[in-house]
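Below are the chains, spelled out letter by letter.
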Amino acid sequence: MKRMQEKDIPAFVQEVVAAGCDICAVGPSCYSLGDTDVPRDKRRGLYKKLGEIEARYGSRDHLRYQIAAHLASIGRYIDAPPMEEEAWIDNETPELPEVTPYDVAHFPTYAVLLMAEAKGLDWRKVARATLNIDPERQPERARRAWTSHLARARWLATSGCGRLRSDLLQ
C-alpha cells in the first residue's frame, strides 16, 4: 500500500481545500476533514474527489502529528486539550484476580500488545499507536501504561481467560 510522505503534506492539504472540503487540526495529534458546510447534493462529488486525492497520496495515519502541526502552522486548527489530559486509557490496569469491565473493554488493546510483543516491535511505537501516549513527551507514563497493560494481557492470556469463560458459563 502506498504511504504518503511528509514532504507531500502541504500539497495534500491544498488539494483537500481546493476540492471544497474543510480540513483542520484538532489539538496536537489529530485533524479533521469536514463536509458539514457542503450541500448534501454536492457531497457525493466531494467524496469522489477526496477518494482520488487519497489514492494519489496513499495512507497518511503515520503522519497525523505532522499533518496536525502543518495545519496549525497555517492557521487551520481547533484548540483541544493536550494528550496528557485525555483519559480514555488508564495509566495502569486493575490488579484484581478477576476479569474486570476495564479488561473486557480493552481486550482489543491487550490482543494488539501480545501480537506486538510476539513480533518484537519497539514498545514506544506500540505505546503511541495502541495506548495513544507519546513516549517522547511522557516517557514515564508511556512505559508504565505499556508495562501494566502488557502484564495484564499476559495474565488474561494464561489464567484470566479461563476465569472469563467460567464467569460466562455461570
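Thresholds applied
- Residues numbered from 1 in each chain as written.
- Predicted model: local features only at pLDDT ≥ 70, side-chain atom pairs only at ≥ 80, totals over all residues.
- Heavy atoms only, no water.
- Helix = DSSP H or I, 4+ residues; strand = E, 2+ residues; numbered from the N terminus.
- Expected span 1.5 Å × (residues − 1).
- Phe/Tyr/Trp six-rings, centres within 6.5 Å; stacked < 30°, edge-to-face > 60°.
- Buried < 20%, exposed > 50% of the residue type's maximum accessible area, 1.4 Å probe, protein only.
- Contact = heavy atoms within 4.5 Å.
- Axes fitted to C-alpha atoms, helices over the stretch in contact; angles between N-to-C directions.
- Parallel < 35°, antiparallel > 145°, perpendicular 65-115°, else oblique.
- Left-handed = near helix turned anticlockwise from the far one by under 90°.
- Nonpolar A, V, L, I, M, F, W, Y, C, P; charged D, E, K, R; others polar.
- Core = buried A, V, L, I, M, F, W, Y, C linked by side-chain atoms within 4.5 Å.
- Pairing = 2+ DSSP bridges.
- 1 Å grid on protein atoms, 1.4 Å probe; cavity = no way out; pocket = protein on both sides within 12 Å on 5 of 7 lines; lining within 4 Å.
- Points joined across faces, edges and corners; volume = space filled by probe spheres on them.
- pLDDT = per-residue confidence, 0-100.

## Here's the deal with helix H5 (residues 107–119)
Okay, step 1: For H5, which comprises 13 residues, the first-to-last C-alpha distance of 18 Å matches the rise-based estimate of 18 Å (1.5 Å per residue) to within 8%.
Okay, step 2: The positive-phi residue at the C-terminal boundary of H5 is Gly120, with phi of around 75°.

## Brief notes about the packing of aromatic side chains
Okay, step 1: Under the counting rule described, the total for this entry stands at two aromatic pairs.
Okay, step 2: Seen in terms of ring centroids, Phe12 and Tyr57 are 5.6 Å apart; in terms of plane orientation they differ by 80°. Their pairing is edge-to-face. Linking Phe12 in helix H1 (residues 9–18) with Tyr57 in helix H2 (residues 40–57), this pair joins segments that are 45 residues apart in sequence.
Okay, step 3: Phe12 sits in the buried class, given a relative accessible area of 2%.

## Here we look at H2
Count 3.6 residues to each turn of an α-helix, and residues three or four apart come out pointing the same way.
Okay, step 1: Over its 18 residues, H2 runs 26 Å from end to end, which matches the ideal 26 Å to within 8%, given 1.5 Å per residue.
Okay, step 2: Among the structural elements, H1 are those in contact with the buried residues of H2.
Okay, step 3: Of the residues one or two after H2, Gly58 is the one with positive phi, at around 85°.

## Some remarks on the packing of H1 against helix H3 (residues 64–73)
Okay, step 1: At a minimum axis distance of 10 Å, the contact between H1 and H3 shows a crossing angle of 65°. With respect to their mutual orientation, H1 and H3 come out roughly perpendicular. The chirality of how H1 crosses H3 is right-handed. Side by side, H1 and H3 meet where Ile9, Pro10 and Val13 of the first sit next to Gln66, Ile67, His70 and Leu71 of the second.
Okay, step 2: Looking at the contact of H1 with H3, its residues break down into five nonpolar, two polar and no charged.

## Describing the nonpolar core
Okay, step 1: Ranked by size, the top nonpolar core spans 19 residues in total, and within it Met4, Phe12, Val16, Ile23, Ile53, Ile67 and Leu71 carry the most contacts.
Okay, step 2: Mapped by element, the contributors of at least two residues to this core are H1, strand E1 (22–26), H2 and H3.
Okay, step 3: Excluding anything up to four places from it in sequence, Met4 contacts Ile9, Phe12, Tyr57, Gly58, Ser59, Arg60, His62, Leu63 and Ile67.
Okay, step 4: Within the second largest apolar cluster, eleven residues are counted, among which are Ala116, Trp123, Ile133 and Ala145.

## Some details on the sheet that holds strand E2 (residues 30–34)
Okay, step 1: Reading across from one edge, E2-E1-E3 is the order of the three strands in this open sheet, with mixed pairing throughout. Strands at the two margins of the open sheet, each flanked by one partner only, are E2 and strand E3 (77–78).
Okay, step 2: As paired strands, E1 and E3 are joined by two bridges and run parallel to one another. Residue pairing across strands places Ala25 opposite Tyr77, the latter belonging to E3.
Okay, step 3: Lying on the sheet, H3 is in contact with E1, E2 and E3; it crosses E1 at an angle near 105°.

## Describing the layout of surface pockets
Okay, step 1: In this structure, the largest pocket occupies an estimated 310 Å³ of space.
Okay, step 2: Along its surface, the largest pocket is lined by Arg3, Ser59, Asp61, His62, Arg64, Tyr65, Gln66, Arg128, Ala129 and Asn132.
Okay, step 3: For the lining of the largest pocket, the secondary-structure elements that each account for two or more residues are H3 and helix H6 (123–131).
Okay, step 4: Per element, the largest residue contribution to the lining of the largest pocket is three residues, and it comes from H3.
Okay, step 5: Of the residues in the lining of the largest pocket, the class split is two nonpolar, four polar and four charged.

## Description of the confidence of the model for the chain
Okay, step 1: Summing up the model confidence of the chain, the mean pLDDT is 81 and the portion of residues at 70 or higher is 85%.
Okay, step 2: Considering only residues more than four positions removed or in separate chains, one finds that residues 81–88, a stretch of pLDDT under 50, has 20 contacts.
Okay, step 3: Long-range and interchain partners of residues 164–170, a stretch whose pLDDT sits below 50, account for two contacts in this model, where long-range means more than four residues apart.

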